[in-house]
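Here is what each chain is made of, one letter per residue.
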Amino acid sequence: MSSRAAEPQLEPGLAARRDSILDVHDLSVEYLLESGVVLAVDQVSFSVKESEFVAIVGESGCGKSTLLFAIAAPAVGRDAAALDDRHGPSFHA
């Protein structure tokens, strides 16, 4: 009989992300405009493992910079908050 504790079972998808250095799960970003809400990023999910190379590509205006800004904002101390179109997007994760 082994004295080691059994390793906890992870739900599907979490086992693959265990060794990742960046996890993004269901990230959405909306811009609040006078004319209404514009969904700029819609439920994006991905993981990046150590030493992996990632490229974000797409047409002009498709949300590449918005996605990267939303990921980086908490790392630079900015709270995820609803802002108006003069100040930036609102973040939902």
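Coordinates for the structure precede this section.
Only a predicted model underlies this, so the values are computations on that prediction, with no experimental measurement involved.

Asks: Quick question: what am I supposed to make of unusual backbone geometry here?
Replies: Excluding glycine, residues mostly carry a negative phi; peptide bonds, for their part, are mostly trans. We note that aspartate 26 has phi near 55°; this positive angle belongs to a residue other than glycine. In this structure, glutamine 43 is a non-glycine residue whose phi angle is positive, near 50°. The residue glutamine 43 is located in strand E2 (residues 36-49) in this model. Take glutamine 43: its relative accessible area is 55%, and that puts it in the exposed class.

Asks: In this structure, what is going on with the pairing of E2? I would like to understand it.
Replies: Look at any regular strand and the pattern is simple: side chains alternate between the two faces of the sheet. Here strand E1 (residues 20-33) runs beside E2; their pairing, made up of ten bridges, is antiparallel. Bridge pairing links leucine 22 to valine 48 in E2. Between the antiparallel neighbours E1 and E2 lie two residues.

Asks: Help me understand the nonpolar core, please; the structure alone is not making it clear to me.
Replies: Buried together is how nonpolar side chains tend to be arranged in soluble globular proteins. Of all hydrophobic cores here, the largest spans six residues; its members are Val24, Leu27, Val29, Val41, Leu67 and Ala70. Of all the secondary structure elements, the ones that give two or more residues to this core are E1 and helix H2 (64-72). No other element matches the three residues that E1 contributes to this core.

Asks: Explain the pattern of salt bridges to me, please; I cannot follow it from the model alone.
Replies: When their charged atoms lie close together, side chains carrying opposite charge are able to pair. Taken as a whole and assessed by the stated rule, the structure comprises one salt bridge. Where lysine 49 meets aspartate 19, a salt bridge forms, and the shortest distance between an N and an O atom there is 4.0 Å. Placement of lysine 49 in strand E2 and of aspartate 19 in the loop between helix H1 (14-17) and E1 is noted, with a sequence separation of 30 residues between them.

Asks: Got a minute to help me understand H2 in this structure?
Replies: An α-helical turn contains 3.6 residues, so any two residues separated by three or four positions project in the same direction. Within the span of H2, buried status applies to Thr66, Leu67 and Ala70. Down the axis of H2, the buried set is contained in an arc of 100°. They therefore lie on one face.

Analysis parameters
In every chain, residue numbers begin from 1 and rise along the written sequence. A pLDDT threshold of at least 70 governs which residues receive local features in this predicted model, and a stricter bar of 80 or more applies before side-chain atom pairs are shown or counted, although totals over entire chains, interfaces and linings include all residues. Just so you know, side-chain values use all the structure's heavy atoms and leave hydrogens and water out. Comment: elements are numbered from the N terminus, with helices defined as DSSP H or I runs of at least four residues and strands as E runs of at least two. Think of it in three bands: residues with accessible area under 20% of the maximum for their type are buried, residues over 50% are exposed, and the middle band is partly exposed, with areas taken using a 1.4 Å probe on protein chains only. For two strands to be treated as a pair, DSSP must find no fewer than two bridges joining them. To form a nonpolar core, buried Ala, Val, Leu, Ile, Met, Phe, Trp, Tyr and Cys residues must be joined to one another through side-chain atoms within 4.5 Å. Salt bridge, as used here, is a side-chain nitrogen of Lys or Arg placed within 4 Å of a carboxyl oxygen of Asp or Glu. Directions pointing from the helix axis toward each C-beta atom define the arc.

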